[in-house]
Amino acid sequence: MTTPHHPIAIVGGGLGGLTLARVLHVNGIEAAVLDLDASPAARTQGGMLDIHDDSGQPALRAAGLYEEFRALVHPGGEATRVLDRTGAVLLDDPDDGTGGRPEVDRGQLRDLLLGSLPEGTVRWGAKVTGARPLEGGRHEVTLADGTSFTTGLLIGADGAWSKVRPLLSDAKPAYVGISFVEVDLPDADLRHPVSAEVVGGGMMMALGAGKGFLAHRETDGSLHIYVALAVPEDAFGDVDFTDTEAAKAYTLEHFADWDKSLRALLADADGPLTPRQIHALPIGHRWERVPGVTLLGDAAHLMSPFAGVGANLAMLDGAELGEALAAHPGDTEAALAAYEAKLFPRGEESAAESAANGVLMFGEDAPQGMLDFFASFG
(Lines give C-alpha, C1' and ligand atoms only; values in the text may rest on other atoms or scores of the structure.)
Protein backbone atom coordinates (compact mmCIF):
# COMPACT_ATOMS: atom_id res chain seq x y z
CA MET A 1 0.00 0.00 0.00
CA THR A 2 1.35 3.44 -0.93
CA THR A 3 2.26 5.74 1.96
CA PRO A 4 0.36 9.05 1.69
CA HIS A 5 2.46 12.15 1.03
CA HIS A 6 1.66 15.76 2.00
CA PRO A 7 3.89 18.49 0.56
CA ILE A 8 3.22 20.55 3.72
CA ALA A 9 1.99 18.96 6.96
CA ILE A 10 0.98 21.08 9.94
CA VAL A 11 0.73 19.11 13.18
CA GLY A 12 -1.82 20.79 15.44
CA GLY A 13 -5.09 22.52 14.68
CA GLY A 14 -4.89 25.29 17.25
CA LEU A 15 -4.92 29.00 16.45
CA GLY A 16 -1.32 29.04 15.20
CA GLY A 17 -1.60 26.01 12.93
CA LEU A 18 -4.92 27.19 11.50
CA THR A 19 -3.60 30.69 10.87
CA LEU A 20 -0.69 29.19 8.96
CA ALA A 21 -3.02 26.99 6.90
CA ARG A 22 -5.24 29.98 6.12
CA VAL A 23 -2.36 32.27 5.06
CA LEU A 24 -1.00 29.50 2.85
CA HIS A 25 -4.47 29.02 1.35
CA VAL A 26 -4.90 32.72 0.47
CA ASN A 27 -1.50 32.50 -1.23
CA GLY A 28 -2.56 29.48 -3.27
CA ILE A 29 -0.55 26.92 -1.28
CA GLU A 30 -2.15 23.69 -0.06
CA ALA A 31 -1.38 22.20 3.34
CA ALA A 32 -2.72 19.36 5.48
CA VAL A 33 -3.50 19.98 9.16
CA LEU A 34 -3.35 16.97 11.50
CA ASP A 35 -5.25 17.30 14.78
CA LEU A 36 -5.61 14.71 17.52
CA ASP A 37 -9.20 15.73 18.42
CA ALA A 38 -11.92 13.54 16.95
CA SER A 39 -13.87 16.60 15.72
CA PRO A 40 -13.93 20.40 16.04
CA ALA A 41 -16.35 20.07 18.96
CA ALA A 42 -14.45 17.36 20.83
CA ARG A 43 -13.50 19.74 23.67
CA THR A 44 -14.03 23.29 24.79
CA GLN A 45 -11.47 25.82 23.61
CA GLY A 46 -10.97 27.89 26.74
CA GLY A 47 -12.07 31.41 27.62
CA MET A 48 -11.45 34.89 26.33
CA LEU A 49 -8.40 36.13 24.41
CA ASP A 50 -7.20 39.69 23.97
CA ILE A 51 -6.00 40.02 20.40
CA HIS A 52 -3.09 42.46 20.21
CA ASP A 53 -2.70 45.16 17.60
CA ASP A 54 0.99 44.29 17.08
CA SER A 55 0.66 40.51 16.70
CA GLY A 56 -2.71 38.75 16.58
CA GLN A 57 -4.42 41.48 14.57
CA PRO A 58 -1.72 41.68 11.85
CA ALA A 59 -1.93 37.89 11.61
CA LEU A 60 -5.67 38.09 11.00
CA ARG A 61 -5.12 40.78 8.38
CA ALA A 62 -2.64 38.50 6.61
CA ALA A 63 -5.28 35.77 6.76
CA GLY A 64 -7.88 38.08 5.21
CA LEU A 65 -10.14 37.70 8.26
CA TYR A 66 -9.76 40.99 10.10
CA GLU A 67 -13.26 42.31 9.47
CA GLU A 68 -14.83 39.00 10.45
CA PHE A 69 -12.74 39.08 13.63
CA ARG A 70 -14.01 42.56 14.51
CA ALA A 71 -17.56 41.21 14.46
CA LEU A 72 -16.61 38.79 17.25
CA VAL A 73 -15.18 41.41 19.63
CA HIS A 74 -16.74 41.45 23.10
CA PRO A 75 -17.75 45.07 23.90
CA GLY A 76 -16.35 46.17 27.25
CA GLY A 77 -13.97 43.23 27.43
CA GLU A 78 -10.82 45.35 27.73
CA ALA A 79 -11.84 46.64 31.17
CA THR A 80 -9.22 45.83 33.82
CA ARG A 81 -9.48 45.73 37.61
CA VAL A 82 -6.82 45.03 40.25
CA LEU A 83 -7.81 44.16 43.81
CA ASP A 84 -5.97 43.20 46.96
CA ARG A 85 -6.87 40.32 49.26
CA THR A 86 -9.30 42.49 51.25
CA GLY A 87 -11.38 43.04 48.13
CA ALA A 88 -10.37 46.69 47.83
CA VAL A 89 -10.36 47.89 44.21
CA LEU A 90 -6.98 49.53 43.62
CA LEU A 91 -7.27 49.94 39.85
CA ASP A 92 -10.45 50.16 37.80
CA ASP A 93 -9.74 50.90 34.15
CA PRO A 94 -12.93 50.74 32.03
CA ASP A 95 -13.04 49.82 28.36
CA ASP A 96 -13.57 53.11 26.54
CA GLY A 97 -13.22 51.54 23.09
CA THR A 98 -9.79 53.02 22.39
CA GLY A 99 -7.63 50.07 23.48
CA GLY A 100 -5.56 47.95 21.13
CA ARG A 101 -6.35 44.54 22.61
CA PRO A 102 -10.03 43.69 22.04
CA GLU A 103 -11.36 40.51 23.65
CA VAL A 104 -12.88 37.60 21.73
CA ASP A 105 -14.00 34.12 22.64
CA ARG A 106 -11.24 31.64 21.78
CA GLY A 107 -13.72 29.08 20.47
CA GLN A 108 -15.37 31.60 18.16
CA LEU A 109 -12.00 32.70 16.81
CA ARG A 110 -11.00 29.10 16.14
CA ASP A 111 -14.32 28.50 14.38
CA LEU A 112 -13.66 31.56 12.19
CA LEU A 113 -10.30 30.13 11.12
CA LEU A 114 -11.70 26.64 10.57
CA GLY A 115 -14.54 27.97 8.45
CA SER A 116 -12.09 29.86 6.24
CA LEU A 117 -10.29 26.69 5.12
CA PRO A 118 -11.26 24.37 2.27
CA GLU A 119 -13.18 21.30 3.37
CA GLY A 120 -10.85 18.44 4.22
CA THR A 121 -7.87 20.61 5.13
CA VAL A 122 -7.99 19.39 8.74
CA ARG A 123 -7.65 15.65 9.32
CA TRP A 124 -9.45 15.00 12.63
CA GLY A 125 -8.53 12.13 14.93
CA ALA A 126 -4.94 12.15 13.60
CA LYS A 127 -2.78 11.88 16.71
CA VAL A 128 0.89 12.16 15.83
CA THR A 129 3.13 9.89 17.91
CA GLY A 130 6.50 10.65 16.33
CA ALA A 131 8.49 11.58 13.26
CA ARG A 132 11.82 10.64 11.69
CA PRO A 133 13.93 12.30 9.01
CA LEU A 134 14.25 10.87 5.51
CA GLU A 135 16.55 12.04 2.74
CA GLY A 136 16.28 15.46 1.13
CA GLY A 137 14.56 17.20 4.05
CA ARG A 138 11.55 14.90 3.94
CA HIS A 139 10.07 13.29 7.06
CA GLU A 140 7.96 10.28 7.90
CA VAL A 141 5.27 10.92 10.51
CA THR A 142 3.58 8.12 12.46
CA LEU A 143 0.06 8.24 13.89
CA ALA A 144 -1.54 6.54 16.88
CA ASP A 145 -3.68 4.34 14.63
CA GLY A 146 -0.53 2.73 13.22
CA THR A 147 -0.56 4.54 9.88
CA SER A 148 2.06 6.96 8.62
CA PHE A 149 2.65 9.56 5.94
CA THR A 150 5.57 11.45 4.46
CA THR A 151 5.94 15.18 4.01
CA GLY A 152 8.28 17.61 2.33
CA LEU A 153 7.79 20.23 5.06
CA LEU A 154 6.82 19.31 8.62
CA ILE A 155 5.59 22.07 10.93
CA GLY A 156 5.08 21.44 14.64
CA ALA A 157 2.16 23.54 15.85
CA ASP A 158 1.36 20.93 18.47
CA GLY A 159 1.85 22.81 21.69
CA ALA A 160 3.76 22.33 24.91
CA TRP A 161 4.46 18.61 24.55
CA SER A 162 5.19 18.71 20.84
CA LYS A 163 6.00 15.44 19.09
CA VAL A 164 7.83 17.39 16.37
CA ARG A 165 10.16 19.37 18.66
CA PRO A 166 12.58 16.45 19.31
CA LEU A 167 13.63 16.63 15.66
CA LEU A 168 15.08 20.06 16.41
CA SER A 169 15.76 20.36 20.11
CA ASP A 170 16.25 18.37 23.32
CA ALA A 171 14.55 21.10 25.38
CA LYS A 172 11.60 20.11 27.54
CA PRO A 173 9.08 22.31 29.37
CA ALA A 174 9.77 22.84 33.08
CA TYR A 175 7.37 23.77 35.88
CA VAL A 176 7.54 27.51 36.63
CA GLY A 177 6.35 27.28 40.24
CA ILE A 178 2.74 28.38 39.70
CA SER A 179 -0.31 26.17 39.32
CA PHE A 180 -3.87 27.11 38.40
CA VAL A 181 -7.21 25.71 39.48
CA GLU A 182 -9.81 26.65 36.87
CA VAL A 183 -13.48 27.14 37.73
CA ASP A 184 -16.61 28.64 36.15
CA LEU A 185 -19.57 30.65 37.36
CA PRO A 186 -22.30 30.45 34.68
CA ASP A 187 -24.99 33.12 34.24
CA ALA A 188 -23.15 35.27 36.73
CA ASP A 189 -25.33 38.40 36.75
CA LEU A 190 -28.37 36.37 37.77
CA ARG A 191 -26.90 33.51 39.80
CA HIS A 192 -23.74 35.09 41.22
CA PRO A 193 -24.33 38.87 41.29
CA VAL A 194 -21.70 39.60 43.95
CA SER A 195 -19.01 37.79 41.96
CA ALA A 196 -20.18 39.50 38.77
CA GLU A 197 -19.73 42.86 40.47
CA VAL A 198 -16.28 41.91 41.78
CA VAL A 199 -15.04 40.85 38.34
CA GLY A 200 -16.64 43.69 36.39
CA GLY A 201 -16.99 43.75 32.63
CA GLY A 202 -13.59 42.44 31.59
CA MET A 203 -10.48 41.15 33.37
CA MET A 204 -9.98 41.13 37.15
CA MET A 205 -6.85 40.33 39.13
CA ALA A 206 -6.98 39.92 42.91
CA LEU A 207 -3.37 39.38 43.95
CA GLY A 208 -1.35 38.52 47.02
CA ALA A 209 2.03 37.01 47.79
CA GLY A 210 2.19 33.65 46.00
CA LYS A 211 -1.50 33.43 45.17
CA GLY A 212 -4.43 35.16 43.55
CA PHE A 213 -7.60 35.08 41.50
CA LEU A 214 -7.48 35.89 37.77
CA ALA A 215 -10.95 36.17 36.25
CA HIS A 216 -12.68 37.37 33.12
CA ARG A 217 -16.22 37.77 31.91
CA GLU A 218 -17.06 35.66 28.87
CA THR A 219 -19.43 36.46 26.02
CA ASP A 220 -22.10 34.06 27.36
CA GLY A 221 -22.30 35.94 30.67
CA SER A 222 -20.28 33.42 32.65
CA LEU A 223 -17.15 34.10 34.68
CA HIS A 224 -14.02 32.03 34.10
CA ILE A 225 -11.65 32.04 37.05
CA TYR A 226 -8.04 30.92 37.39
CA VAL A 227 -7.09 30.40 41.02
CA ALA A 228 -3.30 30.82 41.08
CA LEU A 229 -1.06 29.21 43.70
CA ALA A 230 2.71 29.23 44.08
CA VAL A 231 3.07 25.61 45.18
CA PRO A 232 5.58 22.79 44.63
CA GLU A 233 5.21 20.72 41.48
CA ASP A 234 3.79 17.77 43.43
CA ALA A 235 1.39 19.83 45.56
CA PHE A 236 -1.76 18.52 43.88
CA GLY A 237 -0.62 14.91 44.00
CA ASP A 238 -2.78 14.00 47.00
CA VAL A 239 -5.81 16.07 45.99
CA ASP A 240 -8.73 14.20 44.41
CA PHE A 241 -10.04 16.72 41.88
CA THR A 242 -12.85 14.34 40.95
CA ASP A 243 -14.24 15.15 44.44
CA THR A 244 -15.26 18.75 43.82
CA GLU A 245 -16.02 19.66 47.41
CA ALA A 246 -12.75 18.20 48.68
CA ALA A 247 -10.82 20.04 45.97
CA LYS A 248 -12.59 23.29 46.89
CA ALA A 249 -11.77 22.83 50.55
CA TYR A 250 -8.11 22.19 49.78
CA THR A 251 -7.82 25.23 47.52
CA LEU A 252 -9.77 27.55 49.85
CA GLU A 253 -7.36 26.75 52.68
CA HIS A 254 -4.81 28.88 50.83
CA PHE A 255 -7.18 31.89 51.03
CA ALA A 256 -8.35 31.61 54.64
CA ASP A 257 -7.59 35.29 55.36
CA TRP A 258 -8.96 36.66 52.07
CA ASP A 259 -12.22 38.57 51.78
CA LYS A 260 -15.32 36.39 51.43
CA SER A 261 -16.28 38.11 48.15
CA LEU A 262 -13.07 36.77 46.63
CA ARG A 263 -13.34 33.34 48.25
CA ALA A 264 -16.83 33.09 46.71
CA LEU A 265 -15.28 33.07 43.23
CA LEU A 266 -14.12 29.57 44.13
CA ALA A 267 -16.59 28.48 46.80
CA ASP A 268 -19.64 29.14 44.60
CA ALA A 269 -18.19 27.60 41.44
CA ASP A 270 -20.44 25.32 39.40
CA GLY A 271 -19.03 22.12 37.99
CA PRO A 272 -15.61 20.56 38.37
CA LEU A 273 -12.33 22.19 39.36
CA THR A 274 -9.57 21.69 36.81
CA PRO A 275 -5.94 21.73 38.01
CA ARG A 276 -3.28 23.01 35.61
CA GLN A 277 0.44 23.27 36.20
CA ILE A 278 2.20 26.08 34.36
CA HIS A 279 5.26 25.03 32.35
CA ALA A 280 7.68 26.90 30.12
CA LEU A 281 10.56 26.19 27.78
CA PRO A 282 13.90 27.85 28.55
CA ILE A 283 13.88 31.56 27.75
CA GLY A 284 15.65 32.01 24.43
CA HIS A 285 14.89 28.49 23.20
CA ARG A 286 16.16 28.05 19.64
CA TRP A 287 17.71 25.44 17.37
CA GLU A 288 20.04 25.06 14.44
CA ARG A 289 18.39 24.97 11.01
CA VAL A 290 17.27 21.42 10.21
CA PRO A 291 16.06 20.83 6.64
CA GLY A 292 12.34 20.42 6.13
CA VAL A 293 11.06 21.06 9.66
CA THR A 294 10.22 23.95 12.00
CA LEU A 295 7.97 24.89 14.93
CA LEU A 296 5.53 27.62 15.84
CA GLY A 297 3.60 28.77 18.90
CA ASP A 298 3.99 26.88 22.17
CA ALA A 299 5.94 24.14 20.42
CA ALA A 300 8.63 26.74 19.71
CA HIS A 301 8.49 29.10 22.70
CA LEU A 302 6.16 27.84 25.44
CA MET A 303 6.01 30.45 28.18
CA SER A 304 3.94 31.25 31.25
CA PRO A 305 0.68 33.11 30.54
CA PHE A 306 1.54 36.23 32.51
CA ALA A 307 2.23 38.45 29.50
CA GLY A 308 -0.96 37.33 27.76
CA VAL A 309 0.79 36.80 24.45
CA GLY A 310 0.80 33.03 23.80
CA ALA A 311 -2.11 32.83 21.36
CA ASN A 312 -1.11 36.10 19.69
CA LEU A 313 2.43 34.90 19.09
CA ALA A 314 1.21 31.57 17.74
CA MET A 315 -0.99 33.37 15.22
CA LEU A 316 1.78 35.78 14.23
CA ASP A 317 4.19 32.86 13.88
CA GLY A 318 1.71 31.10 11.61
CA ALA A 319 1.09 34.19 9.48
CA GLU A 320 4.79 35.02 9.08
CA LEU A 321 5.70 31.44 8.24
CA GLY A 322 2.96 31.33 5.62
CA GLU A 323 4.11 34.61 4.11
CA ALA A 324 7.75 33.46 4.10
CA LEU A 325 6.84 30.28 2.23
CA ALA A 326 4.82 32.28 -0.28
CA ALA A 327 7.72 34.72 -0.75
CA HIS A 328 10.25 31.93 -1.46
CA PRO A 329 8.55 29.57 -3.90
CA GLY A 330 10.67 26.51 -4.51
CA ASP A 331 13.16 27.40 -1.76
CA THR A 332 11.76 26.07 1.50
CA GLU A 333 15.05 26.41 3.37
CA ALA A 334 15.33 30.11 2.57
CA ALA A 335 11.76 30.58 3.79
CA LEU A 336 12.42 28.73 7.05
CA ALA A 337 15.65 30.62 7.69
CA ALA A 338 13.88 33.96 7.18
CA TYR A 339 11.01 32.90 9.43
CA GLU A 340 13.22 31.64 12.26
CA ALA A 341 15.40 34.76 12.17
CA LYS A 342 12.34 36.73 13.38
CA LEU A 343 10.82 33.93 15.48
CA PHE A 344 13.74 33.45 17.88
CA PRO A 345 14.28 37.02 19.17
CA ARG A 346 10.53 37.66 19.38
CA GLY A 347 9.96 34.51 21.41
CA GLU A 348 12.88 35.27 23.73
CA GLU A 349 11.68 38.80 24.44
CA SER A 350 8.11 37.67 25.17
CA ALA A 351 9.18 34.75 27.35
CA ALA A 352 11.39 37.03 29.45
CA GLU A 353 8.53 39.52 29.83
CA SER A 354 6.13 36.77 30.85
CA ALA A 355 8.51 35.43 33.50
CA ALA A 356 9.08 38.93 34.87
CA ASN A 357 5.34 39.58 35.02
CA GLY A 358 4.87 36.40 37.05
CA VAL A 359 7.22 37.82 39.68
CA LEU A 360 5.34 41.13 39.68
CA MET A 361 1.97 39.45 40.03
CA PHE A 362 2.77 37.09 42.88
CA GLY A 363 5.72 38.76 44.64
CA GLU A 364 5.82 39.58 48.34
CA ASP A 365 4.45 43.09 47.73
CA ALA A 366 1.58 41.97 45.46
CA PRO A 367 -0.46 43.59 44.05
CA GLN A 368 1.85 46.62 44.15
CA GLY A 369 4.08 45.25 41.41
CA MET A 370 1.22 45.07 38.93
CA LEU A 371 -0.09 48.50 39.95
CA ASP A 372 3.36 49.94 39.22
CA PHE A 373 3.42 48.04 35.91
CA PHE A 374 0.10 49.50 34.76
CA ALA A 375 1.13 52.97 35.99
CA SER A 376 4.20 52.78 33.75
CA PHE A 377 1.83 52.81 30.75
CA GLY A 378 0.03 55.89 32.00
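Read on for an overview of the structure. What you are looking at is a predicted structure, and each value in this text was computed from that prediction instead of being measured.

About the cut-offs
Residues numbered from 1 in each chain as written. Predicted model: local features only at pLDDT ≥ 70, side-chain atom pairs only at ≥ 80, totals over all residues. Heavy atoms only, no water. Helix = DSSP H or I, 4+ residues; strand = E, 2+ residues; numbered from the N terminus. Rg over C-alpha atoms; globule rule 2.2 N^0.38 Å. Contact = heavy atoms within 4.5 Å. Lys, Arg positive; Asp, Glu negative; His and termini not counted. Charge placed at Lys NZ, Arg CZ, Asp CG, Glu CD. Pairing = 2+ DSSP bridges. Axes fitted to C-alpha atoms, helices over the stretch in contact; angles between N-to-C directions. Phe/Tyr/Trp six-rings, centres within 6.5 Å; stacked < 30°, edge-to-face > 60°. Buried < 20%, exposed > 50% of the residue type's maximum accessible area, 1.4 Å probe, protein only. Parallel < 35°, antiparallel > 145°, perpendicular 65-115°, else oblique. Nonpolar A, V, L, I, M, F, W, Y, C, P; charged D, E, K, R; others polar. Left-handed = near helix turned anticlockwise from the far one by under 90°. Core = buried A, V, L, I, M, F, W, Y, C linked by side-chain atoms within 4.5 Å. Salt bridge = Lys/Arg side-chain N within 4 Å of Asp/Glu carboxyl O.

**Digging into the overall build of the chain**
A count of helices and strands for the chain gives 12 helices and 16 strands. Here the C-alpha atoms of the chain give a radius of gyration of 21 Å, agreeing with the 21 Å that 2.2 N^0.38 yields for 378 residues. In terms of its C-alpha atoms, the chain occupies a principal-axis envelope of roughly 65 × 45 × 35 Å. A fraction of 70% describes how many contacts in the chain between residues 6 or more apart in sequence connect residues 24 or more apart. Side chains of the chain give 27 positive and 55 negative charges; the mean places of these two sets differ by 3 Å.

**Focus on the sheet that holds strand β11 (residues 174-185)**
Strand order in the open sheet made by the 7 strands is β5-β4-β12-β13-β14-β11-β15, with mixed pairing throughout. Looking at the sheet topology across the chains shown, the edges are occupied by β5 (89-93) and β15 (270-280). With direction set aside, neighbouring strand axes in the sheet form an average angle of 15°. As paired elements, strand β12 (residues 203-208) and strand β13 (residues 211-217) share 6 bridges and run antiparallel to each other. Residue Met 203 lies in a different strand from β13, and its bridge partner there is His 216. Strand contacts of helix α7 (residues 244-252): β11, β14 (223-229) and β15, with the helix running at about 55° to β15, the strand carrying the most contacts. Contacts from helix α8 (residues 260-267) reach β4 (80-83), β11, β12, β13, β14 and β15, with the element oriented near 70° to β13.

**Looking at the environment of Lys 260**
Take Lys 260: it is sitting in helix α8. It is 38 Å that separates the C-alpha atoms of Lys 260 and Phe 69, two residues lying 191 residues apart in sequence.

**Side note on the packing of aromatic side chains**
Under the defined criterion, the tally for this structure stands at 11 aromatic pairs. Here the aromatic rings of Phe 213 and Phe 255 are separated by 4.5 Å at their centres, their planes lie at 40°, and the arrangement is tilted. You can see Phe 213 sitting in strand β13 and its partner Phe 255 sitting in the loop between α7 and α8, a full 42 residues away along the chain. In this structure, Phe 213 and Phe 255 share a single accessibility class: buried.

**Some thoughts on the pairing of β4**
Burial along β4 is two-sided: the residues Thr 80 and Val 82 and Arg 81 and Leu 83 are all buried. Inspection of the sheet shows β4 paired to β5 by 4 bridges, in the antiparallel sense. In the sheet register, Leu 83 faces β5, and the bridge partner there is Val 89. Between β4 and β5, which pair antiparallel one after the other, the connecting turn spans 5 residues, and Gly 87 there sits at a positive phi close to 90°.

**Considering the side chain of Ser 304**
Topologically, Ser 304 is positioned in the loop between α9 (298-301) and α10 (310-327). Setting aside its immediate chain neighbours within four residues, Ser 304 contacts Ile 278, His 279, Ala 280, Ser 354 and Ala 355.

**Things to note about unusual backbone geometry**
Backbone phi values are negative for most residues with the exception of glycine, while trans is the configuration of most peptide bonds. A cis amide bond links Ala 366 with the next residue in sequence, Pro 367, at an omega value of 10°. Along the chain, the position of Pro 367 falls in the loop between α11 (332-362) and α12 (368-375). The residue Asp 187 is not glycine, and still its phi comes out positive at about 45°. Looking at the element boundaries, Asp 187 is found in the loop between β11 and α5 (188-191).

**Some remarks on the pairing of strand β8 (residues 128-133)**
Sheet topology places β8 next to strand β9 (residues 139-143); 5 bridges connect them, and they run antiparallel. By the bridge assignment for β9, Arg 132 is matched with Glu 140. From the end of β8 to the start of β9, which pair antiparallel, there are 5 residues, and Gly 136 there has a positive phi angle of about 70°.

**Some points on the packing of α11 against α12**
Axes are the key here: two packed helices are described by the angle between their axes and the distance separating the axes. Contact geometry of α11 with α12 gives a least axis separation of 5 Å together with a crossing angle of 125°. Between α11 and α12, the interaxial angle falls into the category oblique. Note on element contacts: α12 touches α11 through Gly 369, Met 370 and Phe 373, opposite Asn 357, Leu 360 and Met 361. The class makeup of the residues in the contact of α11 with α12 is 4 nonpolar, 2 polar and no charged.

**Examining the packing of helix α1 (residues 15-26) against α10**
For the pair α1 and α10, interaxial distance at closest approach is 7 Å and the crossing angle is 25°. Viewed along their axes, α1 and α10 adopt a mutual orientation that is roughly parallel. α1 and α10 meet at a crossing whose hand is right-handed. Across the interface between the two elements, Leu 15, Gly 16, Thr 19, Leu 20, Val 23 and Leu 24 of α1 pack against Ala 311, Ala 314, Met 315, Gly 318, Ala 319, Leu 321, Gly 322, Glu 323 and Leu 325 of α10. Broken down by class, the residue content of the contact of α1 with α10 amounts to 10 nonpolar, 4 polar and 1 charged.

**Some remarks on the nonpolar core**
Among the nonpolar cores identified, the biggest contains 57 residues, and Ile 10, Leu 109, Leu 154, Ile 155 and Leu 321 are the most heavily contacted of them. When sequence neighbours within four positions are dropped, the list of residues in contact with Leu 321 reads Leu 20, Ile 155, Thr 294, Leu 296, Leu 336 and Tyr 339.

**Structural notes on the pattern of salt bridges**
Within this structure, the stated rule accounts for 15 salt bridges. Note that Asp 92 and Arg 81 form a salt bridge whose closest N and O atoms lie 3.5 Å from each other. Within this pair, whereas Asp 92 is found in strand β5, its partner Arg 81 is found in strand β4, the two being separated by 11 residues in sequence. Between Glu 182 and Arg 276 there is a salt bridge; the shortest N-O distance is 2.3 Å. With Glu 182 in strand β11 and Arg 276 in strand β15, the pair connects residues that are 94 residues apart, well separated along the chain. For Glu 182, a relative accessible area of 11% puts it in the buried group. Taken together, the salt bridges that share partners define one network made up of Asp 317, Glu 320, Lys 342 and Arg 346.

Everything listed here is a matter of geometry and, on its own, says nothing about what the molecule does.
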